[in-house]
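Chain by chain, the residues:
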Amino acid sequence: MIKFFRHIRRSLINQNQMGKYFKYAIGEILLDDIGILIAQQINNWNEDYNRRQTELNLLSEMNDNLSADVQDLEFNIKSETANLKSNKIILYQLENRMPFHDSLKPHYGKLPRATTFTKNLSAYTNLRNLGVSLISNDSLRRRITNLYEAQYNYIDKINERTTR
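Keep in mind that what you see is a predicted model, and the values were worked out from it rather than measured. (Residues numbered from 1 in each chain as written. Predicted model: local features only at pLDDT ≥ 70, side-chain atom pairs only at ≥ 80, totals over all residues. Heavy atoms only, no water.)

### Considerations on the pattern of salt bridges
Part 1 of the reasoning: Counted according to the given criterion, the structure contains five salt bridges.
Part 2 of the reasoning: Between Arg141 and Asp138 there is a salt bridge whose closest N-O contact spans 2.4 Å. Of this pair, Arg141 and Asp138 both sit in helix α5 (residues 138-162), three residues apart, which is roughly one turn of that helix.
Part 3 of the reasoning: In this structure Asp138 comes out as partly exposed when scored by relative accessible area, which is 41%. (Salt bridge = Lys/Arg side-chain N within 4 Å of Asp/Glu carboxyl O. Helix = DSSP H or I, 4+ residues; strand = E, 2+ residues; numbered from the N terminus. Buried < 20%, exposed > 50% of the residue type's maximum accessible area, 1.4 Å probe, protein only.)

Pasting the structure below:
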């Protein structure tokens, strides 16, 4: 293809047809510009596609992290409920000055127990490193940021108070 255009250019110059040569040159420049614009548009589409894929992968990972967090919180609630029940049984025994019985051993064993919430932050850490603006939905981005920056910090403060 390049040989073909080169041949046309040479023949127009050799025939001393400068007007036609300039028209040809302008046409070739326009074709080059159009080709560059098309290549840029394809590159932009590709970058947008890659960005969306990264967003979807991060949101999927975050969904997995949050599911694990919910399971951990449900386990903690179940454990703390059992601990509270044991504490009430021991408190009743102590307040009523009842004698110790072997059936109370499991309840006394639960006295020093406390659960701790273990957050899964890998997806959110990746998101922060890539830029939170990667999330295209404004409302979702605000909710994610609020969860990890405000609500999880609140849970951390509660954990600190209960483990003292």
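### Some words on α5
Part 1 of the reasoning: The end-to-end C-alpha separation of α5 is 35 Å, in line with the 36 Å expected for 25 residues at 1.5 Å each.
Part 2 of the reasoning: Of all the bends in α5, the largest measures some 35° and sits at Leu147.
Part 3 of the reasoning: By the N-cap criterion, in which a side-chain oxygen at the helix start approaches the backbone nitrogen of a residue two or three places on, α5 is capped by Asn137, the distance to Ser139 being 3.0 Å. (Expected span 1.5 Å × (residues − 1). Bend = angle between axes of the 7 residues up to and from the residue. Polar contact = N/O pair within 3.5 Å; in protein donor to acceptor, adjacent residues only side chain to side chain.)

### Structural notes on helix α4 (residues 122-130)
Part 1 of the reasoning: Within α4, burial applies to Ala123, Tyr124 and Leu127. The buried side chains of α4 occupy one side of the element, clustering within an arc of 95° when seen end-on.
Part 2 of the reasoning: Following α4 by one or two positions, Gly131 has its phi on the positive side, about 110°. (Arc of directions from axis to C-beta.)

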